[in-house]
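Structural characterization, general
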Amino acid sequence: MVQKHLESLQSYCGNGLETEPMVQKHLESLQSYCGNGLETGALQRLTNLLLVEGLTDIQQQEHDILQIETTKGLPNTSKSIPLEKLFLPLSKVSIPPRVSVTTGVAGIGKSTLVKLFVYTWAKGEINRDVLFVLPLTFRELNTHERLSAERLICSAFPHITEPSCILAGAARTLLILDGLDEFKTPLDFSNALVCTDPKKEIQVDNLITNIIRGNLLQEASVWVTARPTAAAQIPAGLVDRMTEIRGLGAAEIKDFLDQMFLDDRDLSSQVLQHIRANRSLRVLCTVPGLCRISGSSIAHYLKTSAGQPQETTVVPRTLSEIYSYYFKMALSSDWPEKPRESLRIEQAVSNSKKIVGSLGRLAFYGLLRKKHVFYEQDMKAHGIDLSLLQSSLGTRLLLKEEMQTFTAYYFSHLTIQEFLAALYYYTAAKRAIFDLFTESGMSWPKLGFLSHFKSAVQRSLQAEDRQLDIFVRFLSGLLSPQVNKLLSGWLLVKDEQNGFRSQAITFLQGCLNTDYAISLRTVNTVRCLSEIQHMEIANAVEEAMKNKSLAGMLTPVNCSALAYLLQASDVCMEETNLSNCLTYNVCKSLLSQLLFCHSLRLDNNQFKDNVMELLGSVLSVKDCQIQKLSLAENQISNKGAKALARSLLVNRSLMVLDLRSNSIGPAGARALADALKKNQTLLSLNLQHNTIKEDGATFLAEALLTNHRLVTLHLQKNAIGAQGARKIAEALQQNRSLRELTLSSNSVGDNGSVALAEALRVNHSLQSLDLQSNSISSAGVTALTAALCSNKGLLSLNLRENSISKEGGPAIARALRTNSTLRKLDLAANLLCDEGGRAIASAIKDNRALTSLHLQWNFIQAKAAMALAQALQSNSSLASLDLQENAIGDEGMAALSVALKVNTTLADLHLQMASVGPAGAQALAEALMFNKSLQILDLRGNSIGVAGAKAMANALRVNSSLRRLDLQENSLGMDGAICIATALRGNHGLTYVNLQGNRIGQSGAKMISDAIRTNSPNCVVDV
């Protein structure tokens, strides 16, 4: 590997490279840095990083776990960059980044990423123009007080005997600073002293700030990795490129668990099933470090609970339960690695209490000081016996890193430190008489556990750095009966929580009873109640959400529970439906939580323009992850539309916006149109049932000339008229992105139709056009169908409820003979009559594209039905035919029945109120004995009578394809209904039968229902 890389460096730098021996030694030293056996195959996730524009507010302010829970483990970005291009220009006109920052929550794999990069570089596979890669950790830097740039390099890499080539920029260098969150001193760029002398020794934090600023090592590239809150120390103006490590996807979680349990795939599958059943766990497991802890804990639960009564086991659901199982596993012999010593149970319990007690104190006061890496002097300061750390339990909780000049200790994950800290605080609070947050012990007296519990919760709620949130959650969890059951005898006293659990619950609930805006702190308080096993409030709100009965019950406490459910409940997973329940004040209080709802429905809330100002501010925030927003049936006017439009200028997440049934006029449409000229994210806009009129349509048409993202535009019931339709048609001649356009109920008329037809001659990208209820006559349809003869894109055309007469039939037929792309044609509620129907039928014989034809209520009679039947005998594409409310009679039904005997594609046949009698039903029943394609048959409102019912019953004993049969209002009577019911005994295909309106009576209905339930238990019946 070294030789290969040296050869590549020689080809880049020239064969006369004087530093070659030094480079060779450096490469050899990096091999040991990378570690033996780095499993690159399992690290595919790290080979592509997310390219982000900076830290979001939540990343800068919130605890890692709260970040994951709030964003559901899914970063709001679609851009990525391969690892091999991390330090290359993004385009031909840009320059390489000097300062790059990669962020990720604790346990996501930042240090592993660095090792992977160094390993791949050392093999000569990436960044071959870089001569020196210098990986440093802040753990190392913590051991120095003062350093110069020169001594920084020489002390970390003693084999680099000529640092001048790096300091002067003669050799391209990449300096890696891994783990800024572990640095003992926060970086202060505002007050750092400027230093340009590479030989001058200064405070280490000043040295780092000067390197990042470019005062030192000006020519070197700098790569910093950090947790998001620590990365916020570096001013955005100094960062040339920011990337983020993405979490595990659903498939990757499965692969991760399979790797964990290589020898037991059944166990891996059970663990995965448990994780998938719990939304909160599912989200946490997007982080590999948390997935390992959760997976281990659940596996331990599954092993230890096998064969035990269900009431004696605790199914791990909360964070505290997961970590209790993890600690129980660490205390037992079920650890993946063999224990170093074998102790009697009494001795093991005694030792574990000593270790957890001493490590807990270290963890707690380390947490207060934001200290996550400890050195030997820290251990001595906390009175920790280093020999205790050599035990199995000690090595399982606290990891040790030994370097030439120092030994560092750190907890295997941040949350392990927090759980230990909570255990220490819980135990100490029962006997402490002074505030435990004051390490010196000098404070006002605090007596009793509850007093200390309140103090911890209040400090968490007031702390600016938010770093006590998970600690307090664990502290609450230790009051749970389930956690006590798990840890009693080892770390807790059995049932000791009973004395103060109810008071702690009351206090936590009191923290929710506030009129302030709901924050993540509030949500964390609800999560504390969840940890303590008190879910009454959240369960009541969740039940109301399911029943859509939230209106009037959203008090501050319930709003807090709702905010929690937005993150944790499966009810909100696909869509968050808060329709008909919000007021202005409630919406305002929930704003910060609505940010992260991917699909948000806020219909029918009587929202006015002032709420749109609020929502506009939410949509403008960088953190916003709302992808679908429905505001239908509110009271939004032009002012509100303008507020939303302003947000669309900067929003990069919203893809669907539904503004149906509001009061938006031309001015509001203009604002939205102006936004569409710049917005490149929105895919669907629904303005149905507003009043944008002709002017509004004109503004939107102008937007369509430049917008290349919008796919769906709904403008039905907007009074745009023929001129508005003409403007949109003109835009369609140039626009190639729009796929679906709805203009129904707009008085488009023949003039508008002609203009749209001209557009269809050249536009082959539009796939769906809805012109229902637009007073279009045969003249308009003639123009549209003439365009269809050359159009190769339209899949669906809706001309329902117009004035197309029999003269339009031949024009439609010509189009159907020529067009090979149209799939759905809706001509319901026109005036085609038999002549028009027959013309269309003649074309159906030859058409091989149409799958759905609606001819409902067109005054079609038997002759047209006979023509359609003849077409069906040769047609092989039509799957759905609607002839409702056409008097085809028994003669027409008989003809269609003949066709059904040979047709193999028709799946839906709708014949409601088609004047079908017993004879027609008998012919149809005979056809059903042969037909194997029909699945839906609608015969509502006919008069097949008892004779028809008996014939249908005989057919049902044979037919196996039919799934839904509707015989509502067919004069079946009791005898006919019984025939159908008994016939189902041999039919296992039907899933729904409608026998309503057949004069069966209440007692008869029960008897029929019971019979069907007995004969065909999987079939739903309406009687």
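A short tour of the structure in this document, coming up. (Residues numbered from 1 in each chain as written. Predicted model: local features only at pLDDT ≥ 70, side-chain atom pairs only at ≥ 80, totals over all residues. Heavy atoms only, no water.)

1. Comments concerning the overall build of the protein chain
When helices and strands are counted, the protein chain shows 42 helices and 29 strands. Seen through its C-alpha atoms, the protein chain measures out along the principal axes to roughly 100 × 70 × 55 Å. Across the 1023 residues in the protein chain, those meeting the buried criterion constitute 58%. In the form shown here, the protein chain has an accessible surface area of approximately 41,700 Å², with 49% of it arising from carbon and sulfur atoms. Positive and negative charge centroids in the protein chain, built from 101 and 93 side chains respectively, lie 2 Å apart. (Helix = DSSP H or I, 4+ residues; strand = E, 2+ residues; numbered from the N terminus. Buried < 20%, exposed > 50% of the residue type's maximum accessible area, 1.4 Å probe, protein only. Areas by Shrake-Rupley, 256 points an atom, 1.4 Å probe, with all protein chains shown as cover. Lys, Arg positive; Asp, Glu negative; His and termini not counted. Charge placed at Lys NZ, Arg CZ, Asp CG, Glu CD.)

2. A closer look at the packing of helix α25 (residues 536–547) against helix α26 (residues 556–568)
In the contact formed by α25 and α26, the axes pass within 9 Å of each other and the chain directions differ by 75°. The orientation of α25 with respect to α26, classified from their angle, is roughly perpendicular. Between α25 and α26, the residues in contact are Ile 537, Ala 538, Val 541, Glu 542 and Met 545 and Val 557, Asn 558, Ala 561, Leu 562, Tyr 564 and Leu 565, respectively. Per-class residue counts for the contact of α25 with α26 are 9 nonpolar, 1 polar and 1 charged. (Axes fitted to C-alpha atoms, helices over the stretch in contact; angles between N-to-C directions. Parallel < 35°, antiparallel > 145°, perpendicular 65-115°, else oblique. Contact = heavy atoms within 4.5 Å. Nonpolar A, V, L, I, M, F, W, Y, C, P; charged D, E, K, R; others polar.)

3. A few points about a nonpolar patch on the surface
Together, Ile 433, Phe 434 and Leu 447 make up an exposed nonpolar region whose accessible area comes to about 300 Å². Mapped onto the fold, Ile 433 is located in the loop between α19 (414–429) and α20 (449–462). (Patch = residues over 30% accessible without salt bridge, like charges linked within 9 Å, V, L, I, M, F, W, Y side chains within 5 Å. Salt bridge = Lys/Arg side-chain N within 4 Å of Asp/Glu carboxyl O.)

4. Focus: α20
When the terminal C-alpha atoms of α20 are compared, their 20 Å separation across 14 residues agrees well with the 20 Å that a helix rising 1.5 Å per residue should span. Those residues of α20 that sit buried are Phe 449, Leu 450, His 452, Phe 453, Ser 455, Ala 456, Val 457 and Ser 460. The elements touched by buried residues of α20 are α19, α21 (469–477), α23 (501–512) and α24 (520–531). (Expected span 1.5 Å × (residues − 1).)

5. Focus: the pattern of salt bridges
This structure, assessed with the given rule, holds 34 salt bridges. The partner of Glu 201 in a salt bridge is Arg 151, and the shortest N-O contact between them spans 2.7 Å. Placement of the pair is Glu 201 in the loop between β6 (173–178) and β7 (202–203) and Arg 151 in helix α7 (residues 149–156), with a sequence separation of 50 residues. The exposure class assigned to Glu 201 is partly exposed, which follows from its relative accessible area of 35%. Ionic contacts of the salt-bridge type, sharing partners, join the residues Glu 69, Arg 473 and Arg 527 into one network.

6. Concerning the sheet that holds strand β9 (residues 241–244)
Strand order in the open sheet formed by 7 strands is β2-β1-β9-β3-β8-β6-β4, with mixed pairing between adjacent strands. A strand with exactly one partner marks an edge of an open sheet, and here the two such strands are β2 (80–82) and β4 (132–137). Geometrically, the sheet is characterised by an average inter-axis angle of 25° between neighbouring strands, direction not taken into account. Of the strand pairs in this sheet, strand β1 (residues 48–52) and β2 are connected by 3 bridges, and their pairing is antiparallel. In the sheet register, Leu 49 faces β2, and the bridge partner there is Ile 81. (Pairing = 2+ DSSP bridges.)

7. Looking at the packing of aromatic side chains
Applying the stated criterion across every chain, the model contains 23 aromatic pairs. Measuring from ring centre to ring centre gives 5.0 Å for Phe 138 and Phe 183, while their planes differ by 50°; the resulting arrangement is tilted. Linking Phe 138 in helix α6 (residues 138–141) with Phe 183 in the loop between β6 and β7, this pair joins segments that are 45 residues apart in sequence. Ring plane angle 65° and centroid distance 6.1 Å describe the contact between Tyr 375 and Phe 406, whose orientation is recorded as edge-to-face. Here Tyr 375 is found in strand β10 (residues 373–375), whereas its partner Phe 406 is found in the loop between β11 (398–402) and β12 (407–411), with 31 residues between them in sequence. Judged by its relative accessible area of 6%, Tyr 375 falls in the buried class. (Phe/Tyr/Trp six-rings, centres within 6.5 Å; stacked < 30°, edge-to-face > 60°.)

8. A word on the sheet that holds β11
Here we have 3 strands laid out as an open sheet, ordered β10-β12-β11, and antiparallel in their pairing. Edge positions in the sheet fall to β10 and β11, since each has one partner strand and no second. Ignoring which end each strand starts from, the neighbouring axes of this sheet average 30° apart. Sheet topology note: the β10/β12 ladder contains 3 bridges and is antiparallel. By the bridge assignment, Phe 374 is partnered in β12 with Tyr 409.

9. Quick word on empty space enclosed by the protein
One pass over the structure, following the stated rule, counts 5 cavities of 30 Å³ or more. When its volume is computed, the largest cavity comes out at roughly 60 Å³. When residues of the lining of the largest cavity are assigned to their parent elements, the largest contribution, 3 residues, is made by α25. Taken together, the residues of the lining of the largest cavity break down into 8 nonpolar, 2 polar and 1 charged. By volume, the second largest cavity amounts to about 50 Å³. Taken together, Thr 70, Lys 72, Ala 563, Leu 566, Gln 567, Gln 593, Phe 596 and Cys 597 make up the full set of residues lining the second largest cavity. Tallying contributions element by element places α26 first for the lining of the second largest cavity, with 3 residues. (1 Å grid on protein atoms, 1.4 Å probe; cavity = no way out; pocket = protein on both sides within 12 Å on 5 of 7 lines; lining within 4 Å. Points joined across faces, edges and corners; volume = space filled by probe spheres on them.)

10. Section: helix α15 (residues 319–331)
Between the first and last C-alpha of α15 there are 18 Å, a value that for 13 residues agrees with the 18 Å anticipated at 1.5 Å per step. For α15, the tally of buried residues reaches 12 of 13 residues, placing the bulk of the element in the interior. Residues Leu 319, Ser 320, Glu 321, Ile 322, Tyr 323, Ser 324, Tyr 325, Tyr 326, Phe 327, Met 329, Ala 330 and Leu 331 constitute the buried set of α15.

11. Structural notes on the nonpolar core
Phe 117, Phe 471 and Leu 995 are the most contacted members of the largest nonpolar core, which has 342 residues in total. Counting residues per element, this core draws most heavily on α19, at 11 residues. Contacts of Phe 117, omitting those with residues within four sequence positions, involve Leu 83, Phe 87, Ile 126, Asn 127, Val 133, Leu 174, Ile 176 and Trp 223. (Core = buried A, V, L, I, M, F, W, Y, C linked by side-chain atoms within 4.5 Å.)

12. Concerning the side chain of His 372
Residue placement: His 372 occurs in the loop between α16 (345–368) and β10. Of the polar contacts made by the side chain of His 372, one reaches the side chain of Gln 417; its length is 3.0 Å. (Polar contact = N/O pair within 3.5 Å; in protein donor to acceptor, adjacent residues only side chain to side chain.)

13. A short note on unusual backbone geometry
For Ala 829, which is not glycine, the phi dihedral falls at a positive 60°. Turning to its location among the elements, Ala 829 is positioned in the loop between β22 (824–826) and α36 (833–844).

14. Points about the packing of helix α33 (residues 749–762) against helix α34 (residues 778–788)
Axis separation between α33 and α34 bottoms out at 8 Å; the angle between their running directions is 5°. Between α33 and α34, the interaxial angle falls into the category roughly parallel. Along the contact surface, α33 presents Asp 750, Ser 753, Val 754, Leu 756, Ala 757, Leu 760 and Arg 761, while α34 presents Ala 779, Gly 780, Ala 783, Leu 784, Ala 786 and Ala 787.

15. Considerations on the state of the cysteines
Using the criterion set out here, one finds 0 disulfides in the structure. The thiol of Cys 587 is unpaired, and the distance to the nearest cysteine sulfur, on Cys 581, comes to 9.8 Å. (Disulfide = S-S within 2.5 Å.)

16. Section: the environment of Leu 648
By the element assignment, Leu 648 lies in helix α29 (residues 638–648). Along the chain, Leu 648 and Gly 73 lie 575 residues apart, while their C-alpha atoms are 25 Å from each other. Once residues lying within four places of it in the same chain are set aside, the contact partners of Leu 648 are Leu 654, Leu 657, Leu 672, Ala 675, Asn 679 and Leu 682.

17. So, the pairing of β9
Judged by which residues are buried, β9 turns out to be covered on both faces: Arg 241 and Thr 243 on one side and Met 242 and Glu 244 on the other are all buried. Across 3 bridges, β1 lies against β9 in antiparallel orientation. Its bridge partner being in β9, Leu 50 is matched across the sheet by Glu 244. Relative to β9, strand β3 (residues 99–103) runs parallel, the two being bridged by 4 bridges. Across the sheet, residue Val 101 finds its bridge partner in β9, namely Met 242.

18. Topic: the pairing of strand β8 (residues 221–226)
Judged by how many residues are buried, β8 sits mostly within the fold: 6 of 6 residues are covered. Residues Ser 221, Trp 223 and Thr 225 of β8 are buried on one face, and the alternating residues Val 222, Val 224 and Ala 226, pointing to the opposite face, are buried as well. Alignment of β3 against β8, held across 5 bridges, turns out to be parallel. Looking across to β8, one finds that Ser 100 is bridged to Trp 223. By the bridge criterion, 5 bridges tie β6 to β8 in an arrangement that is parallel. Of the residues in β8, the one forming a bridge with Ile 176 is Trp 223.

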